[in-house]
Structures are given as C-alpha cells and as structure tokens.
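Below, each chain spelled out in residue letters.
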2 protein chains.
Amino acid sequence: MKRSRDESLEQFPVAAGSGLPERRRFLRRGLILAGATSAADTLAQNPGDLPWLHVPGQPFSTYGQPSPYERYTARRISSNRAVAGNGVSFTPLEELEGTVTPNGLHFERHHNGVPQIDPERHRLTVHGRVRQPLSFDMKSLLRYPMRSQMLFIECGGNSNAGWHAEPIQRPVGSVHGLVSCAEWTGVPLSILLDEAGVDDSASWVIAEGADAGAMNMSIPLAKMRDDCMVALYQNGERLRPENGYPMRLIVPGWEGVLHVKWLQRLELADQPVMSRNETSKYTELQPSGKARQFTFTMDCKSLITSPSHGQALSRSGVHQVSGLAWSGHGRIARVEVSVDGGMTWADAVLQSPAQPRCFTRFRMPWRWDGRPALLKSRATDEAGHVQPERVALLAERGRAGYFHYNAIVAWAVDDDGLVSHSY
Amino acid sequence: MKRSRDESLEQFPVAAGSGLPERRRFLRRGLILAGATSAADTLAQNPGDLPWLHVPGQPFSTYGQPSPYERYTARRISSNRAVAGNGVSFTPLEELEGTVTPNGLHFERHHNGVPQIDPERHRLTVHGRVRQPLSFDMKSLLRYPMRSQMLFIECGGNSNAGWHAEPIQRPVGSVHGLVSCAEWTGVPLSILLDEAGVDDSASWVIAEGADAGAMNMSIPLAKMRDDCMVALYQNGERLRPENGYPMRLIVPGWEGVLHVKWLQRLELADQPVMSRNETSKYTELQPSGKARQFTFTMDCKSLITSPSHGQALSRSGVHQVSGLAWSGHGRIARVEVSVDGGMTWADAVLQSPAQPRCFTRFRMPWRWDGRPALLKSRATDEAGHVQPERVALLAERGRAGYFHYNAIVAWAVDDDGLVSHSY
C-alpha cells in the first residue's frame with residue numbers, strides 16, 4: 001500500500017511558497033515518504049523469476065562500459081552537414097548527478113574533426129618572444145611537476161537558444177549541455193614559460209592546436225602565468241581524443257574555445273593574433289553599437305537538471321529538485337530555488353566542498369501539490385555576481401546577443417506533472 | 001641541444017637527503033629544466049609530415065573511448081580458472097594521475113560474475129526488525145534527497161603480496177590496485193531506515209546483493225545511520241554493471257567487501273549473519289591465538305605510483321615523484337617522501353582539497369643523481385595514524401597476516417634508472 005501523504009506533511013514544515021521546506025529542519029530530518037511500497041507487493045511479484053539470481057554473471061572486463069539499459073545516456077550531436085567534423089555534441093545533463101562529467105560524455109566542439117594523434121610524434125613548441133625557443137615531447141612533460149584541479153569548461157555559445165523569442169522545447173542537456181566538469185591534471189604553464197624565458201615585451205600567448213584546422217586563439221600572458229596548465233590527464237586517465245589527446249590547454253573559468261585541444265604551439269607575442277574565433281566569432285554587437293570582444297570569463301550560472309524539460313512528475317507529493325551551478329569568477333556561494341516563478345525563494349543545499357570554477361551540485365526537496373508550478377534556480381558566486389533574470393540580460397545585451405547567455409532558466413510544470421521550458 | 005643540468009642545480013636547493021628540494025622554495029619557483037629540447041630540433045623533424053595536420057579528423061561520438069594509443073591502460077584480471085566470475089581485476093594505478101578513477105578502470109571483486117540487471121525489475125527491500133517492511137524501485141529512490149561524496153573503496157585483501165617473504169616484482173597497480181576512488185551519489189541510508197521505522201532491538205543490518213551468489217555481509221546499524229548510502233551514480237553517470245548497477249551500498253572508509261553491489265536486501269537484525277565472507281574469509285589468526293574479525297576500517301596508507309616498479313628513469317636530473325594516500329579514518333594530513341630508504345624525509349605537496357576517506361594525490365620533485373636510491377612514502381591521517389614500516393606491521397600481525405596490509409611501500413632505483421619492488 002502507498003504511504004499516506006498526510007503523514008509526510010507533518011514531517012515537512014513549509015518555509016517558501018508552494019511546498020519548499022524550511023532548510024534547517026529538512027537537514028535535521030530527511031523523512032519524506034516518497035512512494036516506497038510494502039515489501040509484500042515485491043514478494044508478490046515473485047523476484048524468484050529474475051534470471052540474474054539463477055545464472056552466473058558475465059566475466060571480468062579490462063575496460064568497463066555502461067549498462068546496455070543506459071545506452072540512451074549519450075551526447076547529442078549537432079554538426080555541419082557539409083563538414084562532418086564541424087559542430088558540437090552536448091552533455092546529457094538531465095541524465096547525470098553529482099558534479100563529475102564522465103570522460104565519454106564530456107561535451108565536444110570541433111572545427112575540423114578529431115585528429116588521431118600519435119603521442120610519440122607530437123611536440124609542444126614554445127616560441128616567439130622568448131630567450132630560448134623550446135620543444136616538449138610527452139616524455140619530457142611527464143617529468144615536470146603537475147597539478148590537479150576539478151574545473152568546468154563551458155562553450156561561450158552554450159545556452160544561446162535562450163536568445164530566441166520563444167522558449168526552445170528540448171532536454172536541458174540539448175540546450176545547456178555545452179558545459180562539463182572534470183578533474184584535469186597537467187603541468188602549470190608558468191613552469192614551461194620560465195623554461196623558455198619570456199621576453200619583457202610579451203603580453204599575449206597565441207595557442208594553436210594540431211587539428212587540420214590549426215585552431216588558434218590569443219590569451220593574455222598574465223592569465224597564462226596565473227593558473228593555466230597543459231593538461232595530460234582527465235578524470236585520472238589520459239585525455240580522450242575528442243578532448244585534446246595527448247594534451248590540451250586549460251584556462252580556468254574562461255570560454256571553452258580558449259582551452260585549445262591537441263595543443264602544439266604557444267607563441268609569445270605583444271598583441272593578439274586576431275584569429276577567426278576572436279573576430280568574426282565569439283564577438284557580438286551591443287545595443288550601443290560597440291562590439292564585445294575578448295569576453296573571456298564565463299559568468300555565474302545555474303540550472304535545474306531534475307525535474308527538467310521532457311520529464312514528468314509521476315505523482316504529487318515529495319520530489320527532489322536537483323541542479324548545477326558554476327561561475328568563472330570563483331566558488332558558488334549560494335543557490336536559491338523558487339517553484340512559484342520567482343515570487344518566493346528558498347536556499348538549496350550545496351554539495352561540499354564547493355571548489356572554485358567547478359560545478360557545484362545543489363539540491364532541494366519539493367512537495368508538489370499537483371497544481372501548475374514554475375521552477376527556477378538563481379546562483380550567487382563568492383565575488384557577489386548574481387545570475388540575472390532573462391529580461392534583465394536582454395535589456396543589457398540586446399537581441400544581437402549570442403554568446404555568454406547565463407540567465408535564470410525556468411521550467412513549467414503542468415497539472416499532469418509534465419515539465420516544459422518556459423520564460 | 002639538451003639544457004645543462006648544472007644550470008638547474010642553481011634553481012634547486014636541497015633540504016632532505018639525495019636530491020629532495022626545500023619545499024617552500026620549490027613552490028615559489030618551478031623552474032627545473034627537465035629535458036626540453038631546442039625548438040630547432042623539432043622543426044628539423046619536419047612536423048609537416050604529421051598526417052593529422054593535413055586531413056580532417058574523425059566525426060563526433062555519442063560516447064567517447066580512450067585513444068587507441070592508450071589501449072594498454074587496462075584492468076589486470078586475476079580470476080578463478082574453475083569459476084570465471086570469481087576473482088578480481090586491478091586498477092592500473094601506475095598509468096593514472098590525479099585522484100579520480102575513471103569508471104571503466106575501477107577495480108572489481110566478484111564472487112559469481114557480473115549480473116546484467118534490468119533496473120525496471122530490480123527492487124531494494126528493507127525488512128526484519130522494522131515497523132513496516134518496504135520495497136523501493138528505481139523510480140521511487142530517484143525521488144529521495146541525494147548526497148554526493150568522493151570516496152575511495154579498497155578491498156580488505158589489497159596489497160596482500162606484501163605478506164610474502166620476498167618483494168613481488170609486479171607493477172604497482174597489479175599489487176596494490178584493489179583500490180579506486182570515485183564520486184558516489186545516492187540516497188543516505190538513514191532516510192530509508194526512517195521510512196521503514198527501525199525497531200529498538202535492531203543493532204546490525206544484513207546487506208545482500210542480487211548476483212547469483214547472493215553475496216551478503218553484516219554491518220553495524222550505527223555505521224549505516226551515520227554515513228552510508230545507496231549509490232545510484234558513479235562519477236556522474238549511473239553505476240557500471242561491474243560496480244553494482246543499478247544500486248550498491250557505500251560504506252565510507254570500510255572494507256570493500258561491505259560495499260555490497262547489486263543491492264537487493266537490507267535486513268535489520270540483532271546480530272551479524274556470520275556469512276562466509278565474515279567468518280572463513282576477511283578474518284585472520286593473530287600471534288596471540290585470537291582471530292581478527294569484523295576489521296572494518298581500512299587503515300592509513302600511501303604509495304608512490306611514479307616512479308614505480310617496471311618503470312625506468314630515462315636520465316639523471318629532475319623527475320616528479322607522484323603518489324596516492326588514503327585513510328578510512330578521515331583526511332590525509334601529511335605525506336612524507338624519502339629517497340634514501342627512510343634515513344631522511346621531506347614533506348610532499350598534497351593536492352587540495354583533501355577530502356575525508358578519499359584519495360589524496362601527493363607530489364614531490366626529485367633530482368636523481370644517477371646513483372642507486374630507495375624511494376618510500378609515509379602517510380599520516382588527521383586522526384594521527386601513521387603508516388607503519390613493514391617490519392612493524394609483521395611484528396604486530398604475524399606471518400598469518402593476509403588482510404589490511406598498509407605498510408610503507410619501497411621502490412629501489414638502480415644505477416641504470418630501473419625501478420623494482422623492495423623491502
């Protein structure tokens with residue numbers, strides 16, 4: 001028999017509107033009766049029928065794969081019909097929990113496909129305004145001191161459907177999934193720059209990849225010295241080819257396009273190279289008539305991954321609201337959740353430790369009363385940036401906006417429990 | 001041309017014996033000249049020959065895989081010839097960096113193979129000394145509040161070759177690789193126990209898996225209430241079949257065998273069930289004549305993963321010493337490294353944030369002078385436990401020792417730079 005919902009209400013004092021709990025009390029007592037059934041029901045289903053209880057399982061594997069029952073947890077590919085290797089693939093955020101993105105599901109953005117590089121033949125060359133141009137092979141890089149850091153990477157064009165006049169009706173990952181988070185391990189760039197001896201006249205570093213497009217970008221020298229690294233490992237193992245194998249540039253908190261994959265060249269210069277991706281792309285005209293360029297830092301942002309578009313609340317009663325927050329400015333300090341479209345807000349519980357420029361998972365139980373609701377999340381980072389409402393972002397950036405969309409995301413729940421994207 | 005080693009020595013004041021640097025100074029200045037070559041050498045190799053610079057790369061993928069050049073980074077399988085599904089597979093620790101173990105390389109210990117479970121048909125039943133026996137399917141569990149935590153899991157039998165009279169000559173992962181670390185996300189057990197209403201007479205919980213062996217173990221109720229969880233996600237995605245899909249028990253810091261995979265039953269009881277794996281196995285006779293049983297907590301431990309057995313230092317000069325430390329008692333507080341067999345020690349740099357019951361990566365640069373050396377690491381946890389020397393562990397536990405081997409691991413480097421296991 002289903003447990004009575006009345007009983008659960010006693011356990012569940014309401015603070016904010018429409019069924020959000022008072023946080024301190026919730027943390028003290030988790031009891032929410034979310035639809036467990038009597039054990040008798042299960043025994044009635046005769047679990048003796050389950051084949052895996054009767055036959056030995058499959059043997060060991062040298063490298064494991066997901067369950068066949070999870071085969072639809074996959075990246076959604078959107079690429080150029082004319083140039084197959086030019087496009088993106090989205091991380092299915094709605095299928096994931098916690099903060100780590102598995103390497104096989106990290107989002108991709110390629111301009112000319114994924115090169116299959118022989119690490120024995122790959123070199124990283126540091127040249128230009130340096131005392132001694134140098135070249136590093138894998139073996140020499142592996143002897144240098146390394147650093148590991150959990151960091152998000154977000155494409156500057158992530159969530160750009162938000163600029164459309166009408167809310168796009170797609171799963172959260174297929175709209176906002178050009179962001180992922182992993183533990184990156186590599187050699188701090190400051191060490192390699194010291195090896196070559198940077199000339200005082202240098203102020204920019206031009207990074208180039210070893211793909212057939214020779215993708216290149218300009219990054220200020222000060223940022224490179226501060227916290228950038230040449231990553232060799234992602235979530236413990238060597239990088240995957242689609243994430244830059246054998247080495248990629250990591251530029252913490254800044255646009256994904258700067259994290260140059262298949263890194264083969266770092267040129268010290270006194271000005272940016274003005275490449276395609278910092279002139280005709282990744283720039284935008286403002287209402288003022290001025291263009292935004294070199295908009296490096298990814299802003300404070302959050303979104304609810306569950307419940308989210310395309311999902312359905314099976315029944316009224318208690319559900320977990322779960323989502324992700326991140327900011328290129330540092331740590332996430334606070335995430336608020338609203339289920340009444342922003343009239344009232346309640347503080348979500350943040351997964352700890354909250355690390356700088358890293359996904360922070362937030363969670364909040366919600367007692368759905370079966371009536372229509374509008375869910376929103378609002379993040380604040382340690383630098384004081386607060387995620388803006390969409391109308392405010394549009395007023396600031398105008399209809400010409402295309403990159404760096406970080407407005408509050410709203411999910412509408414109808415009285416059947418169906419969830420859709422809303423403004 | 002190779003950079004002169006003399007130049008590097010100036011940058012590298014020595015504190016501890018045999019080439020370990022003075023830490024503060026090292027952290028301020030990373031310059032170590034570890035064998036970069038002149039860029040001219042690289043250009044002479046004519047990188048124009050590299051095919052991936054000339055042809056478009058491969059298309060996008062829905063679920064990525066490691067580079068073919070990394071195919072030897074794999075779990076090493078050691079299973080029972082008579083029963084293929086009974087054995088272990090080791091995580092190749094020597095191939096990994098950072099602290100996360102990728103899901104495909106997490107170690108395995110199975111008793112009757114890996115069941116292929118249909119999550120729609122799987123149930124978790126909580127019964128025994130409870131007010132209301134309950135059954136949870138995936139859909140209901142997904143509505144409960146969840147928690148995420150980075151945690152190591154270590155088999156109680158890990159490193160047991162250390163009890164052998166002679167040091168075993170195998171890669172570090174093939175001896176000590178029955179330990180891995182991942183971000184686990186699931187429902188705190190305290191919540192599910194409250195749902196069923198635990199009887200005051202209950203003091204133990206008997207956990208059972210849905211493999212054909214119906215593996216079962218007894219765990220004190222207090223631990224279950226304190227910090228255990230039913231995990232549904234591993235490193236962001238659903239568990240892999242070999243790690244308990246669709247759900248496994250997580251018992252932070254305790255023996256791996258208690259982390260019951262394919263969890264289908266939790267029985268509240270007033271005493272342990274005395275199953276095979278808590279009587280004939282995972283127990284050991286002490287010199288005193290008494291047997292150790294229910295030795296739950298995995299002790300403070302560390303090992304150097306690079307350089308380690310089977311590797312070779314390509315040349316004298318600076319190399320990075322890198323390794324892992326962990327403790328079931330909490331956070332790692334300190335790791336010391338010695339290159340002279342323990343005569344002198346220097347503090348390694350710990351990757352932050354150091355999380356409780358989680359891998360902590362430690363690193364230390366070392367200037368190898370080309371002469372024989374003996375490398376060791378020694379971990380201390382926040383509770384004050386210090387990793388013992390092997391002789392001390394043997395004196396305490398005797399030759400009958402088999403489980404919970406946590407002694408200091410020593411690597412001998414000969415004058416050719418070859419690394420082997422040593423006592």
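Scroll up to find the structure.
So, here's what we can say about the structure. Worth saying up front: this structure is predicted, and the values here are computed from it rather than measured.

### Quick word on the sheet that holds strand E2 (residues 76–79) of chain B
The strands making up a sheet associate through backbone hydrogen bonding, with each pair oriented either parallel or antiparallel. All names here are of chain B. The strand order E2-E3-E4 describes an open sheet built from 3 strands, whose pairing is antiparallel. Strand pairing shows two members of the sheet lacking a second neighbour, E2 and strand E4 (108–110), which therefore form its edges. This sheet shows a mean twist of 10° between the axes of neighbouring strands, independent of strand direction.

### Description of the pairing of strand E24 (residues 410–413) of chain A
All names here are of chain A. As paired elements, strand E23 (residues 373–381) and E24 share 4 bridges and run antiparallel to each other. Among the inter-strand pairings, Ala373 is bridged to a residue of E24, identified as Val413. Summarising the sheet, E24 and strand E25 (residues 419–422) pair through 4 bridges and their orientation is antiparallel. Directly across from Ala412, in E25, lies its bridge partner Ser420. Taken together, E24 and the strand that follows it, E25, pair antiparallel across an intervening segment of 5 residues, in which Gly417 is found at a positive phi of about 90°.

### Considering the relation of the copies chain B and chain A
Under the fitted operation, chain B is carried onto chain A by 0.0 Å of movement along the axis and a turn of 180°, and the coordinates agree to an RMSD of 0.0 Å. In the structure described here, the two chain copies are related by an operation that fits a two-fold rotation axis. A shared binding surface is used by both copies, with 100% of the interface residues of chain B retained as interface residues in chain A.

### Looking at the interface of chain B and chain A
Often, the extent of an interface is quoted as the loss of accessible area on bringing the components together. Opposite the 115 residues of chain B that make contact, chain A presents 115 residues. Both sides of the chain B and chain A interface together cover about 9600 Å² of buried area, and 56% of this is carbon and sulfur. Per-residue buried area on chain B facing chain A is highest for B:Trp52, B:Phe60 and B:Arg143; these three make up 11% of the total on that side. On the surface where chain B and chain A come into contact, there are 2 salt bridges.

### Comments concerning the pairing of strand E7 (residues 147–154) of chain A
Residue and element names in this part refer to chain A. Of all 8 residues that make up E7, 6 are buried, and the element is covered over most of its length. Pairing analysis gives 8 bridges linking E7 to strand E8 (residues 179–188), with the strands arranged antiparallel. If you follow Gln149 over to E8, its bridge partner there is Trp184.

Calculation notes
Residues numbered from 1 in each chain as written. Chains lettered and ligands numbered in written order. Predicted model: local features only at pLDDT ≥ 70, side-chain atom pairs only at ≥ 80, totals over all residues. Heavy atoms only, no water. Pairing = 2+ DSSP bridges. Helix = DSSP H or I, 4+ residues; strand = E, 2+ residues; numbered from the N terminus. Axes fitted to C-alpha atoms, helices over the stretch in contact; angles between N-to-C directions. Least-squares fit on C-alpha atoms with pLDDT ≥ 70 in both. Contact = heavy atoms within 4.5 Å. Buried area = accessible area lost by both parts, 1.4 Å probe. Salt bridge = Lys/Arg side-chain N within 4 Å of Asp/Glu carboxyl O. Buried < 20%, exposed > 50% of the residue type's maximum accessible area, 1.4 Å probe, protein only.

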